[in-house]
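# Chains, contacts and geometry: an overview
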Amino acid sequence: MNDTYDTYDTIVRNGLVVGRTETRAQDVAITDGRIAALLPPGAASAAEEIDASGLLVTPGGIDTHTHVRWPHDGIHTTDDFFSATRAAVLGGTTTIVDFVPPGDGDLLGRCRDRVDEAAAGAVVDFGFHPILTSADDATLKAIGAVIADGFTSFKMYTTYEDRRVDDGDAWYLMNAIAADGGLPGFHAENHELLESVLDHEVRAGRLGVEHYPRSRPGLAEAESIQMIALYAKRIGTPAYIFHVSGSEALDAVRTARADGVRMFAETCTHYLTLDDSCFRRPDAWKYIISPPLRGAADRDDLWAGVTEEVVVSVGSDHCAYRRDVKNVPSDDHRAIPAGAPGIEARTPLLFAGCAARGLGYDTFAAVSASRAAKVLGLRHKGVIAPGYDADLVLWDGEADWDADLAVKASSETFSLYDGMKTSGRPRHVLLRGTAAVRDGRFVGRAGSGRFIARRPRAVTA
Ligand SMILES: [Zn+2]
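Computed from a predicted structure; not experimentally measured. (Residues numbered from 1 in each chain as written. Predicted model: local features only at pLDDT ≥ 70, side-chain atom pairs only at ≥ 80, totals over all residues. Heavy atoms only, no water.)

### A look at the packing of aromatic side chains
As enumerated under the stated definition, the model contains 17 aromatic pairs in all. Ring centres of tyrosine 212 and phenylalanine 279 lie 6.1 Å apart, and the angle between their planes is 50°; on these two criteria the pair is classed as tilted. Residue tyrosine 212 is found in the loop between helix H5 (191–203) and helix H6 (218–235), and its partner phenylalanine 279 is found in the loop between helix H8 (269–273) and helix H9 (296–308); the two are separated by 67 residues along the sequence. Judged by relative accessible area, which is 5%, tyrosine 212 ranks as buried. An angle of 10° between the planes, with centres 4.2 Å apart, marks the rings of phenylalanine 351 and tryptophan 395 as stacked. Here phenylalanine 351 is found in helix H11 (residues 346–356), whereas its partner tryptophan 395 is found in strand S16 (residues 392–402), with 44 residues between them in sequence. Of the residues examined, tryptophan 395 reaches a relative accessible area of 0% and is grouped as buried. The structure contains a cluster of three or more aromatic residues connected by ring pairs, namely Phe81, Phe126, Phe128, Phe151 and Phe451. (Phe/Tyr/Trp six-rings, centres within 6.5 Å; stacked < 30°, edge-to-face > 60°. Helix = DSSP H or I, 4+ residues; strand = E, 2+ residues; numbered from the N terminus. Buried < 20%, exposed > 50% of the residue type's maximum accessible area, 1.4 Å probe, protein only.)

### Section: the coordination of the zinc ion
Coordination of the zinc ion by the protein comes from His65 (NE2), His67 (NE2) and Asp317 (OD), over a distance range of 2.1 to 2.2 Å. Along the chain, the residues donating to the zinc ion fall in the pattern H-x1-H-x249-D. Of the two residues, histidine 67 is situated in the loop between strand S6 (61–63) and strand S7 (71–72) and aspartate 317 in the loop between strand S15 (311–315) and helix H10 (323–326); the sequence distance between them amounts to 250 residues. Across the pair, exposure class does not vary: histidine 67 and aspartate 317 are buried alike. (Donors = N, O, S within 2.8 Å, 3.2 Å for Na, K, Ca; no water.)

### Regarding the nonpolar core
In this structure, Ile228 and Met263 are the most contacted members of the largest nonpolar core, which totals 120 residues. Mapping this core onto the domain boundaries places at least three of its residues in each of domain 1 (3–58 + 385–442) and domain 2 (60–376). In this structure, methionine 263 is in contact with Ile225, Ile228, Ala229, Ala239, Ile241, Val253, Ala256 and Arg257, ignoring residues within four places of it in sequence. Ile35, Ile50, Val57 and Ala385 belong to the second largest nonpolar core, which has 17 residues in total. (Core = buried A, V, L, I, M, F, W, Y, C linked by side-chain atoms within 4.5 Å. Domains from an automatic or database assignment. Contact = heavy atoms within 4.5 Å.)

### Let's talk about the pattern of salt bridges
On inspection of all chains with the given rule, the structure shows 33 salt bridges. Here glutamate 201 ties to arginine 206 by a salt bridge, and the two come within 3.0 Å at their closest N and O atoms. For glutamate 201, a relative accessible area of 3% gives the class buried. Note on arginine 206: relative accessible area 23%, which makes it partly exposed. Salt-bridge contacts for aspartate 300 lead to arginine 357; the nearest nitrogen and oxygen are separated by 3.2 Å. Of this pair, aspartate 300 sits in helix H9 while arginine 357 sits in the loop between H11 and helix H12 (361–376), and the two are 57 residues apart along the sequence. Take aspartate 300: its relative accessible area is 36%, and that puts it in the partly exposed class. One salt-bridge network, held together by shared partners, links Arg34, Asp125, Lys381, Asp389, Asp391 and Arg432. (Salt bridge = Lys/Arg side-chain N within 4 Å of Asp/Glu carboxyl O.)

Right under this line is the structure:
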């Protein structure tokens with residue numbers, strides 16, 4: 001540690017810094033990978049200085065929802081932790097929270113294996129939400145040890161035959177997670193309703209890609225969220241809802257919060273950026289994502305949710321299918337695997353989206369990083385203040401971000417954002433004080449990302 005005022009490892013000089021309470025011209029002094037001080041411009045010196053004149057300095061982005069190298073149908077998606085996180089950091093994301101895939105056997109062992117897989121390649125820091133598919137004794141018993149190991153948030157699916165938990169399982173799993181200070185999270189869509197609606201659509205012959213949103217109505221999300229809210233209230237636990245897609249789901253979260261439940265909505269880049277007009281495009285196959293893209297009014301309402309602080313986080317739901325795996329020629333949307341890549345696009349599209357809607361830099365920092373850090377327990381992330389990790393993005397607000405030129409997680413995948421150009425692009429990105437992107441070019445090192453072992457919430461008896 002330095003004990004003199006004016007010696008630091010690195011100073012980010014003359015930037016417009018988006019701090020916790022205000023945005024103003026400051027120098028960010030960094031020591032040992034942490035922010036040591038915020039200083040008046042020119043007040044101190046350091047061995048390394050980064051010129052941020054004319055640039056905006058924001059906390060490194062936190063992508064709360066990625067599926068890197070994701071197993072499906074006996075293979076896996078076409079990226080790996082190096083290629084996916086290189087794409088992420090070039091876009092201004094310095095932390096991802098990915099998932100531990102469902103599987104058989106020792107849950108804690110599978111969590112640790114997933115950490116090892118990521119640690120070998122990742123160039124950003126990372127945490128994981130383990131996916132739980134059963135409330136069997138082994139799982140219930142393992143949850144405490146998994147939380148103690150730093151995996152404090154979980155995902156359960158209320159639909160998909162191969163992994164869903166029923167309401168009873170959800171109840172017992174939520175209780176077990178809450179008892180050890182973890183955060184239960186859900187892919188929330190009511191299974192029975194979806195099954196019936198799909199059956200109806202099959203009989204009506206409406207299976208073309210253009211009909212996809214009808215097969216997964218927002219009502220199914222709302223019903224499932226109501227169930228989770230009821231349980232969360234009874235247990236006294238917070239709850240996290242992954243990928244809230246539109247107004248019906250968001251209203252269910254708003255209602256739960258008005259009823260005193262600490263319920264947090266995550267949405268995704270695509271729900272904030274696109275709408276169901278995509279299903280009329282020639283490349284509509286790309287947009288098969290679950291839950292579906294909703295209407296333009298839903299998209300606008302999600303932005304209202306951002307302002308209301310009901311939406312606490314934005315994930316990319318990155319899942320880099322090979323183009324040929326996703327683009328199966330079919331007039332039946334059930335043949336197309338749901339999901340799409342987007343780890344590279346999340347932060348630039350949020351940056352431009354906030355600007356287009358007149359939301360300040362503070363809102364951008366909140367929704368791209370700081371709220372997620374708080375809700376998910378990423379203690380040293382998401383805020384530019386002394387003591388926090390020096391994960392910083394230095395934005396050139398005038399530069400174009402071009403989806404077609406952005407480095408993707410894999411050359412074999414595709415993009416939802418073809419042809420899109422926005423204003424604002426990261427020029428430099430620091431991960432714990434070390435440059436991972438310099439002048440828009442990747443300069444990071446495979447394996448420099450670290451697992452973030454999160455601490456559980458304090459549980460009062
Ligand atoms: Zn997902």
